[in-house]
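Next come the chains, spelled out residue by residue.
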Amino acid sequence: MAKAYTPGLKVSAQTTFRARRQLPVSGEVLVAVGARVQARDVIARTFIEGDVTPVPLASLLSVPASDVPSLLLVKKGDHVATGDVIARTKGIFGFGKKELASPAAGVVESVSATTGQMMLRGAPIPVEVKAYVDGTIVEVIPHEGAVVETEAVFVQGILGIGGETVGPLRVAVSTPSARLEAKDIRADMKGAVVVGGARITAEAVRAARDAGVAAIVSGGIDDADLRDVLGYDLGVAITGTEKIGITIVMTEGFGDIAMAARTFAILKSYEGREASVNGATQIRAGVMRPEIVIARRAGDAVPAQGARPEEGALEIGTQVRLIRDPYFGILGTVVALPTEPAVLGSGSKARVLEVELEADGARAGGPSAARRVTVPRANIELIET
Amino acid sequence: MSAHVPAAKPAIDLSRLRYILATDCGSTTTKAILIEKVGDSWRQTQRAEAPTTVEEPFADVTIGVSNALTEIGELAGRRFIADDGTILRRRNADDPEGCDIYISTSSAGGGLQMVVAGVVAQMTAASAKRAALGAGAIVMDTIASNDKRKPFERIQRIRELRPDMVLISGGTDGGNVQQVVQIAEQIAPAKPRPRFGGEYELPVIFAGNKEAAPQVEAIFGGKGEKGFDLSVVENLRPTLEEENLGPARDRIHDVFLEHVMAHAPGYDRLIAWSDAAIMPTPGAVGDILQRIAERDRLNAVCVDIGGATTDVFSVFGGTFNRTVSANLGMSYSISNVCAEAGMQNVLRWVHVAMDERELRNRVKNKMIRPTTIPQTAEALVFEQAVAREALRLAYAQHKEFATTLKGVQQQRTVGDLFAQSGSGQSIVDDMRLDLLVASGGVLSHAPKMEETAAMLVDSFEPQGFTQLAKDSIFMMPHLGVLASVHPEAAMEVFERDCLVRLGWSIAAKGEGKFGKRCFAYRVSGAVTASGELTCGDVALVRVGPEQEVEVVVEPASGFDLGNGPGKSVTRRLKGGTVGLLFDARGRPLALPENEADRRALVARWAKAWGVLA
C-alpha cells in the first residue's frame, strides 16, 4: 500500500467558513443578520412553477386545431383536477359527443388555435434552502438567501459522490491505513458520517447504505468498486446529483491508498460531533471539491499553527506528494530545483525537480529503489504542515 | 463564414500595420501571440501565456490578457502594456512601443452553450445544430418533435438546462407551421434559466418557417415582457434541398457578443480593446480552415483534442462542418474515453503487458488530477493509446453528423437501385481527404513527430494520399480572427509558422489476409526508394519538408489508393518532418485477436514508423 497522501487540498483544523446559501429563484428569506442557525434549519423558501403537462386536444378529440377553442369547457386561468372534463365535441345532431378528461391537475396556462394544444401548469413546487452548517447569519441576500458563517474544521476531499448531508462523526477504523470493509459498519451508525482509513470496498458502501449511514469519508476507492456502487462508469468528475442513498467523499484518490494521517487525526478528534458533508465535485474550470465541515465550539482546543508554505511556493526542503505513477502517493522532500527542462523517461521535455523519498515511500514500489528521484513539477503537490 | 467587425470601430488601414497582438482566452490559459511584419512577410514571432482570470478572486479577463501581453513584450523587447494595464497603441511609425491592432477569441467560462430545436431531428433540428456548432457553440441538447421524448419530458429537460441562448428552427418556408409553433410552445413555458441568472433575458433566435414567425413572436413576447429576447432571422432550411446557415450563425455571434460576453467578467473592457469582434474559439478555427480549404481547393479535416472535449472540423467539397465531442478528452474526460471505447480497444494499441485494474485506477487518478503528465515511456504509450480511441470516436461522431441534407427527394435511375447512397450520407470521404491537421496537447506535444503522425493514421484511417500536419502552437484560433481583419497576413502566417508538415499517409483501402500482396511503391526525385508491402505491413520513407519526390504506387487487385481498385497512382509531393508513411494494413484497420500476435504487430508498426527505436 502506498504511503498516506493528500493532494493540495485544504485540510484545516480552524478556519472561518462561509456558506452562501441561495434559492434557485427569488423567494422568501426566513432569517435576519445575527441569527444563530443550526445546520438543519430552513433559512429560505420559495415555490418554483409547477411542471407543465401538454394536452394535445386536437388530436385527442380528432378535430382541426382551429376548432379547439370552441370546444373547451374551461378557460385560461381555470384550475382543473385530474379527470375533470375539459373539452367536449359537438357530435352530429347532438349524438356521438366526445369528451376529454384532463390527464393531470393544474391551471390552464394556454390553449393554441394553431396547434390545438393546451398547457396545464401543475401546482407550484416548494423549494427550501437549509443552513447546512451551525453558525451565524452574517449577510442576507434579499429574496435569495443568506450567508452563514462559522469557525470550523474544514477538510476538502478529492472526489465525492452524492449531495449535502449532516450527521455525527463516527470513526470506524483504528488507523488511517486500515481498509473500510462491510464488517466495520454497525447498525448504530444510522444517520452518521462514518470515517474510514484507506480504500473503501463496494460491500462496505452497500452495508453503510443498508444501515442508513448518511455519508462515508475515506482515503480511496477502487475504480471497479465505484463502478459497482454507481452502476455505471464515472466518465467525468462532475458529481453531486447521484441518488445512491449515501454521500461518499474520498480524500486521496483511486486505489488502495491511506487517508493522510493529519486528516484522519483531525476527524478522529471530533468524533461524535455534527459534520456537514457535501460530495458535489466539479473538476473543470471553476473547480469544486467535496468537503467536510465541522462547526467549532468555544471549548475546542486551538490547534498549533505550523508553518505553512506560501501558496504555490516551491523550494528546497518543501514537503511534497508525488501524484503520478511510478511514484503515485509517495511523500518526499524537495532537494533540487533545476531550472533547465529535462528529458523524461517518456521522451518529453519538462521542468522537473528532485525529491528525496521518505524511507517507507521508497519501499512502496517505484521502479527503482533509489531514494532520490527526478519527477516533473506537474506531478507533485505541496503538503500543508 | 461569419466575420464581424463592429461598426463602431474605425476602419483599419492595413498598409500601416506592423505589430498585431492576438489572444485566445481559454478556460484555464490565455494564449498570446505576436505577429510582426518581417521584411515583406508576416511572421508569428513570439508567444506567451498566462492563467485566465475570469473567475474569483480576479473576475476580470483583461488581467490575464495583460499578463500574457506583458510577457510577449518582454520576449520581444517592446512594451505593449501601459502602467495602467491597458494595451499601448503605436502612435506613429517610429514609436518604440505599442501594437497596431489587438484581436481575441474566447472560450473562457465554458464557451458558448446553446440549446437548439427543430421539428424533425434529422432535418431542421440537424441544420440548427450545424449552425450552432459552426458558430462555435457547445450544443447542450437538441429538441425535436420526433426526438422520442414525450412533450413533458422535453419541457422537463429544457427546465434543467442553463443555456446561454436557444436557437429554434423548423419548417421550410411556406411549409409546416403547426409543429414549429408547438416546439416554441414547449420551450417558452419551460422558461430555461440562463447561466447568468438575475435580469438576464434569455436570447432566443428563431430561424424557421417565416410564416410561423408572428406566432413565435406572440409566444415569447417582446423585450422585457416574458423574460426572453427574441430575434427572428432568415430560415436556416428555406427548402428541403437548401441549407442557409449564414444568417443564424451571424446572429449567434452577435448575441454571443451582446449578451453572453457582455455578462462575463471584464469582457466589456476586452471588447473595447479589441479591433475586431471577439469570436468563440472554435468558430475562429472553423473560419481559418474554410479559408485555407477554399483557397487551395482542398478537402480538409482538423482535430483539436483537449482535456475535456475533442473538436473536429471538416471541409469537404466546400461544405463546412464542426462537431464537439463533449466528453472525449485527455484529462477531465479521459475516464469517459475508456468507458466509451472499452478498455480492450484502448489496450489494443499497447505493445507491452499492462495490468488492467492498475490502469483503471490510473485513468481515474488522471481524471481527478488533470494537470499531471506521463513520466515514463509506458505511461506515454498508454496515454497515446487512449488518444487514438478518443480521436477515433470523435471522428466517427463527426462522420455521422456531417451528412448531405436529409429529407431531400432524389431522382433515381434504374442504375441507382443498386446503389446504397441516398440523402443523409456522410460527406466525409476518407479517400478524398487531402489534409489532416492535428492540434491539442497529446498530438502537439508528443515527444516525437512520428508519434503524432502514427496517432493520426491509426485513429483517422485515411485512405489514398493524405497530407498530415500539426498546428505548431495552436494558433489557428488567433489566425481565424485575424482573417476577419487581414486575411493575407493570416494566410501567410498559417503557411509559414502555424502548420508543421509531418508528411503523407499513403494507405490502401481494402481488406486482405496477412501476407497477401497489397501494393508496391516507388519514390524518385530528391529521395529514391522502392518496396513491396504485403497486408499488415507498414513502411516509412524519409522525405524532408523541402524535398520533392514523385511517388508511384501500384496496388494489387482489390486495393485502392485513389484511382480505383488495382489502379496505379502517381503523385508529385513534398515530404515533411516524418516523411512518407506507407500503410498496407487495409481499411478498415484490423488487429489480430491473439494477444501475443497483436502486441508483436503493434511493436513492429511502431518500429517501422520510427515511433520505437
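Residues numbered from 1 in each chain as written. Chains lettered and ligands numbered in written order. Predicted model: local features only at pLDDT ≥ 70, side-chain atom pairs only at ≥ 80, totals over all residues.

1. Some words on the overall build of chain B
Looking only at helices and strands, chain B features 17 helices and 22 strands. In terms of C-alpha radius of gyration, chain B reaches 25 Å, essentially the compact-globule figure of 25 Å for 613 residues. A total of 613 residues make up chain B; the buried ones form 55% of that total. If you take every contact in chain B between residues at least 6 apart in sequence, the share linking residues at least 24 apart comes to 71%. (Helix = DSSP H or I, 4+ residues; strand = E, 2+ residues; numbered from the N terminus. Rg over C-alpha atoms; globule rule 2.2 N^0.38 Å. Buried ≥ 20, exposed ≤ 12 C-beta atoms within 10 Å, placed from the backbone. Contact = placed C-beta atoms within 7 Å.)

2. A short note on the overall build of chain A
A tally of helices and strands in chain A yields six helices and 30 strands. For chain A, whose C-alpha radius of gyration is 28 Å, the value lies well above the compact-globule estimate of 21 Å for 385 residues. Judged by the C-alpha coordinates and their principal axes, chain A covers about 100 × 55 × 45 Å. Evaluated residue by residue, chain A yields a buried proportion of 44% over its 385 residues. Considering only intrachain contacts with a sequence separation of at least 6, the fraction spanning at least 24 residues in chain A is 66%.

3. With respect to the domain arrangement of chain B
Residue and element names in this part refer to chain B. Looking at chain B, the domain boundaries give domain 1 (18-99), domain 2 (109-272) and domain 3 (300-608). Relative to domain 2, the C-alpha centre of domain 1 lies at a distance of 35 Å. Every contact between the two is made by seven residues of domain 1 and, on the other side, eight residues of domain 2. Grouping the constituent residues of the side of domain 1 that touches domain 2 by class yields four nonpolar, two polar and one charged. (Domains from an automatic or database assignment. Nonpolar A, V, L, I, M, F, W, Y, C, P; charged D, E, K, R; others polar.)

4. A look at the pairing of strand E14 (residues 435-439) of chain B
Residue and element names in this part refer to chain B. Counting buried positions along E14 gives five out of five residues, so the element sits mostly inside the fold. Of the two faces of E14, both are covered, the one formed by Leu435, Val437 and Ser439 as well as the one formed by Leu436 and Ala438. With five bridges connecting them, strand E11 (residues 300-305) and E14 associate as parallel partners. Bridging across to E14, Cys302 finds its partner in Val437. Here four bridges tie E14 to strand E15 (residues 464-471), and the two strands are oriented parallel to one another. (Pairing = 2+ DSSP bridges.)

5. Regarding the nonpolar core
Counting 286 residues, the largest nonpolar core has B:Leu21, B:Met114, B:Ala117, B:Ala132, B:Leu167 and B:Leu581 as its most contacted members. Residues contacting B:Ala132, with those up to four places away along its chain left out, are B:Met114, B:Val116, B:Ala137, B:Val139, B:Leu167 and B:Ile252. Core analysis: the second largest hydrophobic core is formed by 14 residues, A:Leu322, A:Ile323, A:Leu353 and A:Val355 among them. (Core = buried A, V, L, I, M, F, W, Y, C linked by C-beta atoms within 7 Å.)

6. So, the domain arrangement of chain A
Domain boundaries in chain A define domain 1 (11-18 + 150-295), domain 2 (52-121) and domain 3 (319-382). With centres defined by C-alpha atoms, the gap from domain 2 of chain A to domain 3 of chain A works out at 71 Å.

7. A word on the pairing of strand E17 (residues 517-525) of chain B
All names here are of chain B. Note that E17 and strand E18 (residues 529-534) share six bridges and pair antiparallel. Bridge pairing links Val523 to Ala529 in E18. Two successive antiparallel strands, E17 and E18, enclose a turn made up of three residues. In the sheet, E17 pairs with strand E20 (residues 548-555) via seven bridges, with the strands oriented antiparallel. Bridging across to E20, Ser524 finds its partner in Glu550.

8. Some thoughts on the sheet that holds strand E9 (residues 106-111) of chain A
What the four strands build is an open sheet, ordered E5-E10-E9-E6 (chain A); its pairing is antiparallel. A single partner strand is all that each edge strand has here, and the edge strands are strand E5 (52-56) and strand E6 (79-80) of chain A. In this fold helix H4 (residues 178-190) of chain B packs onto E5, E9 and strand E10 (117-121) of chain A, with an angle of close to 10 degrees to the strand it touches most, E10(A). (Axes fitted to C-alpha atoms, helices over the stretch in contact; angles between N-to-C directions.)

9. A few points about the sheet that holds strand E8 (residues 202-206) of chain B
Residues and elements named next belong to chain B. The strand order across the open sheet built from five strands is E6-E5-E7-E8-E9, with neighbouring strands paired in parallel fashion. In this open sheet, the two edge strands, each paired with only one partner strand, are strand E6 (137-144) and strand E9 (228-232). Between one strand and the next, the sheet's axes are offset by a mean angle of 20 degrees, whatever the strand orientation. In the sheet, E8 pairs with E9 via five bridges, with the strands oriented parallel.

10. A word on the interface of chain B and chain A
At the interface, 46 residues of chain B touch 44 residues of chain A. Of all elements in the fold, only helix H3 (151-160), H4, helix H9 (334-341), helix H11 (356-368) and helix H12 (377-401) of chain B reach the threshold of two or more residues within the side of chain B that touches chain A. At eight residues, the largest contribution of residues to the side of chain B that touches chain A is made by H11(B). Residue classes in the side of chain B that touches chain A are distributed as 19 nonpolar, 19 polar and eight charged.

11. Some thoughts on the environment of B:Val166
Among the secondary structure elements, B:Val166 is positioned in strand E7 (residues 165-168). Each residue touching B:Val166, except ones within four places of it in the same chain, is listed here: B:Met114, B:Val115, B:Ala117, B:Ile187, B:Pro192, B:Leu202 and B:Val204.

12. A short note on helix H17 (residues 595-608) of chain B
Taking 1.5 Å as the rise per residue, H17(B) with 14 residues should run 20 Å; its terminal C-alpha atoms sit 20 Å apart, in good agreement. B:Gly610 sits one or two residues past H17(B) and shows a positive phi near 80 degrees. (Expected span 1.5 Å × (residues − 1).)

13. Describing the environment of B:Pro374
Take B:Pro374: it is sitting in the loop between H11 and H12. Residues B:Pro374 and B:Pro57 lie 317 residues apart in sequence; the distance between their C-alpha atoms is 31 Å.

14. Things to note about the confidence of the model for chain B
Residues and elements named next belong to chain B. Confidence in the prediction of chain B, expressed as mean pLDDT, is 89, and 93% of residues score 70 or more. Taken together, the stretch residues 1-8 has pLDDT below 50 and engages in 17 contacts with residues farther than four places along the chain or on a different chain. Taken as a whole, residues 410-421 scores under 50 in pLDDT and shows three contacts with residues more than four places along the chain or in a different chain. The complex prediction reports pTM at 0.83, with the ipTM value standing at 0.84. (pLDDT = per-residue confidence, 0-100.)

15. Structural notes on unusual backbone geometry
The omega angle of the peptide bond from A:Asp325 to A:Pro326 is 10 degrees, so this bond is cis rather than trans. Secondary-structure assignment places A:Pro326 in the loop between strand E24 (319-322) and strand E25 (331-336). Here B:Lys148, not a glycine, exhibits a phi torsion of approximately 65 degrees, which is positive. With respect to the helices, strands and loops of the structure, B:Lys148 is situated in the loop between E6 and H3.

16. Let's talk about the packing of H4(B) against helix H5 (residues 213-220) of chain B
Residues and elements named next belong to chain B. As a packed pair, H4 and H5 sit with axes 10 Å apart at the nearest point and diverge in direction by 10 degrees. Here H5 runs roughly parallel to H4, going by the angle between their axes. Residues Val181, Ala184, Glu185 and Ala188 of H4 form the contact with H5, whose participating residues are Gln215, Val216, Ile219 and Phe220. Broken down by class, the residue content of the contact of H4 with H5 amounts to six nonpolar, one polar and one charged. (Parallel < 35°, antiparallel > 145°, perpendicular 65-115°, else oblique.)

17. Digging into the environment of B:Ile158
All names here are of chain B. Looking at the secondary structure, you find Ile158 in helix H3. Taking the C-alpha atoms as reference points, Ile158 and Met140, separated by 18 residues in sequence, lie 9.7 Å from one another. Not counting chain neighbours up to four residues away, the residues in contact with Ile158 comprise Val115, Ile143, Ile187, Ala190 and Pro192.

18. Overview of H4(B)
Residues and elements named next belong to chain B. Helix length check: H4, at 13 residues, gives a terminal C-alpha distance of 19 Å against a target of 18 Å (1.5 Å per residue), a fit within 8%. Within the span of H4, buried status applies to Gln179, Val180, Val181, Gln182, Ile183, Ala184, Glu185, Gln186, Ile187, Ala188, Pro189 and Ala190. Lys191 lies just past H4 and shows a positive phi near 45 degrees.

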